[in-house]
Amino acid sequence: MRYLILSTLEEKNDEVQDVLKELKAQGVQTSYVNTNERNISACIGCNTCWLRTPGVCAVKDDYEQILIRMLQADRLLLITEAKFGFISYKMKNVVDRILPLATMNLRFKDGQMRHYPRYKKTLDVALVYKGQADNVFLTEWMERVCINLGFTSLGAFDMERKGELYYALGYDQLHTESH
């Protein structure tokens, strides 16, 4: 199982390091990207990734490498701070830029209009946040993001309750000393 971890927290955040250590102790192959160190522009809504260059964003920055890593991963962990009860603007920007993984073509799924995924690749996605937020709301939001991309949401998890995250990932026994 290959994990991609995208974090908007500061590089040397102890809690992020704990997550990385635990996954390593579980024998998980991880790829970690601190998005603060990358040049990631906002989606400009041009639809070029759907119309002119299918699957390729018109904005030329460091995000293309992140998309490639997503296609190589089995699971995606999004780690961010909660601001005003929602994910930070930095993580919202990261999520918005996933659009090239979908097509502009739509279909009805479970009575709702959804995009067709561009690739047969699916991801299990978990949102991990630090700070005060409504976990039910964030879990529902994550589910809606994932269903629109053909991904599976593992839910939203408060960083202070990482044990729930590890359980959702299928790790009943923790290996690191900090747990």
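I will try to describe carefully the structure that is included in this document.

1. Regarding the side chain of Glu 81
Position of Glu 81 among the secondary structure elements: in strand 3 (residues 75-83). Despite its burial, Glu 81 remains without a salt bridge, the nearest opposite charge being carried by Lys 90 at 5.0 Å. Within polar-contact distance, the side chain of Glu 81 engages the side chain of Ser 88 at 2.9 Å. When residues no more than four places from it in sequence are discounted, the contact partners of Glu 81 are Thr 8, Leu 9, Phe 86, Ile 87, Ser 88, Lys 90 and Lys 130.

2. Considering unusual backbone geometry
Both trends apply: most residues other than glycine have a negative phi, and most peptide bonds are in trans. Non-glycine residue Phe 84 carries a positive phi angle of around 55°. Here Phe 84 lies in the loop between strand 3 and strand 4 (86-87). Residue Phe 84 is classed as exposed on the basis of its relative accessible area of 89%. Phi at Asp 110 is positive, roughly 55°, even though this residue is not glycine. Summarising the element assignment, Asp 110 is placed in the loop between strand 5 (102-109) and strand 6 (112-117).

3. Quick notes on the nonpolar core
If you look at the biggest cluster of nonpolar residues, it comprises 31 residues, and the most contacted ones within it are Leu 6, Met 70 and Leu 78. Sorting the residues of this core by element identifies strand 1 (2-7), helix 3 (63-72), strand 3, helix 4 (89-96), strand 7 (124-130) and helix 5 (135-149) as the ones contributing at least two each. Looking at this core element by element, the count peaks at 6 residues for helix 5. The contacts of Leu 6, once residues within four sequence positions are left out, are Val 33, Thr 35, Ile 66, Met 70, Leu 76, Leu 77, Leu 78, Ile 79, Met 91 and Val 94.

4. A closer look at the pairing of strand 3
Among the 9 residues that make up strand 3, 8 are buried, leaving the element largely enclosed by the rest of the structure. Here strand 1 runs beside strand 3; their pairing, made up of 5 bridges, is parallel. Note that in strand 3 the partner of Ile 5 across the bridge is Leu 77. Summarising the sheet, strand 3 and strand 7 pair through 7 bridges and their orientation is parallel. Looking across to strand 7, one finds that Arg 75 is bridged to Asp 124. Looking at chain direction, strand 3 and strand 4 are connected through 2 bridges and run antiparallel. Within strand 4, the residue paired with Lys 83 across the bridge is Phe 86.

5. Examining the packing of aromatic side chains
In total, this model carries 2 aromatic pairs according to the counting rule given. Pairing Phe 86 with Trp 141 gives two aromatic rings, centres 5.1 Å apart and planes at 80°, and the pair type is edge-to-face. Remark: Trp 141 occurs in helix 5 and Phe 86 occurs in strand 4; sequence separation between them is 55 residues. Looking at Phe 86, the relative accessible area reads 21%, which means it is partly exposed. By the ring-pair criterion, three or more aromatic residues cluster together here, those being Phe 86, Phe 137 and Trp 141.

6. Regarding helix 4
All of the buried residues in helix 4 are Met 91, Asn 93, Val 94 and Val 95. Those residues of helix 4 hidden inside the fold are in contact with strand 1, helix 3, strand 3, strand 4 and helix 5.

Rules used in this analysis
- Residues numbered from 1 in each chain as written.
- Predicted model: local features only at pLDDT ≥ 70, side-chain atom pairs only at ≥ 80, totals over all residues.
- Heavy atoms only, no water.
- Helix = DSSP H or I, 4+ residues; strand = E, 2+ residues; numbered from the N terminus.
- Buried < 20%, exposed > 50% of the residue type's maximum accessible area, 1.4 Å probe, protein only.
- Lys, Arg positive; Asp, Glu negative; His and termini not counted.
- Salt bridge = Lys/Arg side-chain N within 4 Å of Asp/Glu carboxyl O.
- Polar contact = N/O pair within 3.5 Å; in protein donor to acceptor, adjacent residues only side chain to side chain.
- Contact = heavy atoms within 4.5 Å.
- Core = buried A, V, L, I, M, F, W, Y, C linked by side-chain atoms within 4.5 Å.
- Pairing = 2+ DSSP bridges.
- Phe/Tyr/Trp six-rings, centres within 6.5 Å; stacked < 30°, edge-to-face > 60°.

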